[in-house]
Amino acid sequence: MAVRAVVVEADGGSRGNPGPAGYGAVVRDPDSGEVLLERSEAIGTTTNNVAEYRGLIAGLEAAAELGAARVEARMDSKLVVEQMSGRWQIKHPGLRPLAARAAALVDRFDAVTFSWIPRERNRHADALANAAMDAAAGKPPRQVPDAGTDPTAVKPTWEPRPSTTATRLILVRHGETEWTAQGRYAGRADVPLSDRGREQAAATAVRVAELAPAVAAVVSSPLSRCTATAEAIAGALGGLPVRPEADWVECDFGDWDGKTFAEVREGWPGELDAWLASTRVAPPGGEPFTAVGQRVERAVTALREAYPGETVVVVSHVSPIKLALRDALAASDAFLHRLFLDAAGVSMLDMWPDGGIAVRSVNDTAHLPAR
């Protein structure tokens, strides 16, 4: 029998990104919360976003089967909700056909609205999606909640901010180089990883994979000490491509490149004092921290917009990572000369759509081999 209105709850995901993937969708009566239809499917190897779109499509198709005229689609994917609502552009070419397919289904109803909900209020669709992912990975099926009324239909007056909605940046300094070991400024000079640096990159890859088995992207400074570190991490994450991004390159230290602090103090005492006193002062022939900060802010904003609610690994250098952490902590410029970042150290911060930021860790080095 046809129904006038339904609620569609949909979810999708992958074990890795890409990885064994599946989706789940539940169609409910909006008044009683009764489950009217369920849909789930293992869809092979693909990305989280593709699986989420497939879940939405399955839910809309199920609603159409019931003859619904109005649909409220609820998902814990901020990306899909914002794109289908027309507020965010669909930049990834692989998602455009799926979005078009979903839009064609939307046109079959009198009205469709899209709402974001936290994952804990999308438990049934999430469980269906996880069972489908298990099937795609060849694992035994897990228990799926019994169909029935929605146990989360009554919304609390206050909901804690769920960490799953944040865009998480895992900030990794590149592994050691010969210049790192000698305490030399290394700006734009393309100094390769040392043997120890390659060992550090391998250990960091294991650590990052433990921290975030599902990563949307690996972004790197274009200099080889970073791309080599990033490639090790990407390999541990299932072979994700490494995307070079110029905004994450190290500060240009100009005439100081390759020099130790003692050599700079001896050769440019006045210039060094001025540089330490103000982020607006550049090393001779180099770049001020204010300029580095502007491009880091641009890069962070771009990642937050491109990967809402997902995890991104960024492999960069001391200065860009310090500036990202300074801004996240709302710290003063003095922070830049007081924070020490080890080679291959890992820092982590979360950024929510409402502007909230939480720094989870700074310069984690427990994974690194001892000297």
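What you see is a predicted model, and the numbers here were worked out from it, not measured in a lab. (Residues numbered from 1 in each chain as written. Predicted model: local features only at pLDDT ≥ 70, side-chain atom pairs only at ≥ 80, totals over all residues. Heavy atoms only, no water.)

Next up on the list: the pairing of strand 6 (residues 167–173). Among the 7 residues in strand 6, 6 count as buried, and that is most of the element. For strand 6 and strand 10 (residues 346–351), the ladder comprises 6 bridges, and the chain directions are antiparallel. Along strand 10, the bridge assignment pairs I170 with M348. (Buried < 20%, exposed > 50% of the residue type's maximum accessible area, 1.4 Å probe, protein only. Helix = DSSP H or I, 4+ residues; strand = E, 2+ residues; numbered from the N terminus. Pairing = 2+ DSSP bridges.)

Further remarks concern unusual backbone geometry. Peptide bonds are trans in most cases, and residues, glycine excluded, mostly fall at negative phi. A positive phi is found at A330, a non-glycine position, where the angle reads about 55°. Along the chain, A330 falls in the loop between helix 11 (318–328) and strand 10. Judged by relative accessible area, A330 falls into the exposed class, the value being 71%. Positive phi values are uncommon outside glycine, yet N363 reaches one of about 55°. By the secondary structure assignment, N363 is in strand 11 (residues 357–364).

Turning next to the packing of aromatic side chains. In this structure the tally under the stated criterion is 7 aromatic pairs. Summarising the aromatic geometry, the rings of F253 and W275 are spaced 6.3 Å apart at their centres and angled 80° between planes, so their arrangement reads as edge-to-face. Placement of the pair is F253 in the loop between strand 8 (242–244) and helix 8 (261–267) and W275 in helix 9 (residues 269–277), with a sequence separation of 22 residues. Assigned by exposure class, F253 and W275 land together as buried. Ring geometry for W256 and W275: centres 5.4 Å apart, planes at 85°, overall edge-to-face. Placement of the pair is W256 in the loop between strand 8 and helix 8 and W275 in helix 9, with a sequence separation of 19 residues. You'll find W256 and W275 in the same group, each marked buried. Connected via pairs of aromatic rings, a cluster forms that spans Y185, F253, W256, W268, W275 and F289. (Phe/Tyr/Trp six-rings, centres within 6.5 Å; stacked < 30°, edge-to-face > 60°.)

A few words now on the packing of helix 6 (residues 195–211) against helix 7 (residues 224–236). Close contact between helix 6 and helix 7 brings their axes to 8 Å; oriented N to C, the two are set at 40°. Classified by the interaxial angle, the pair formed by helix 6 and helix 7 is oblique. The handedness of the crossing between helix 6 and helix 7 comes out as right-handed. From helix 6, A201, T204, A205, V208 and A209 reach across to helix 7, where they touch T229, A232, I233 and A236. Considered class by class, the residues forming the contact of helix 6 with helix 7 number 7 nonpolar, 2 polar and no charged. (Axes fitted to C-alpha atoms, helices over the stretch in contact; angles between N-to-C directions. Parallel < 35°, antiparallel > 145°, perpendicular 65-115°, else oblique. Left-handed = near helix turned anticlockwise from the far one by under 90°. Contact = heavy atoms within 4.5 Å. Nonpolar A, V, L, I, M, F, W, Y, C, P; charged D, E, K, R; others polar.)

Turning to the confidence of the model for the protein, a few remarks are in order. Across the protein, the average pLDDT comes to 90, with 92% of residues at 70 or higher. Under a pLDDT of 50 for its full length, residues 146–164 has, in the predicted model, 35 contacts with residues more than four places off or in other chains. (pLDDT = per-residue confidence, 0-100.)

Glancing now at the sheet that holds strand 6. What the 6 strands build is an open sheet, ordered 8-7-9-6-10-11; its pairing is mixed. Each end of this open sheet is capped by a strand with a single partner; those strands are strand 8 and strand 11. Each adjacent strand pair in this sheet contributes to an overall mean axis angle of 20°, direction not counted. Lying on the sheet, helix 6 is in contact with strand 6, strand 9 (311–316), strand 10 and strand 11; it crosses strand 6 at an angle near 170°. Here helix 10 (residues 289–306) sits on the sheet and contacts strand 6, strand 7 (217–220), strand 8, strand 9 and strand 10; the angle it forms with strand 6, its principal contact strand, is near 135°.

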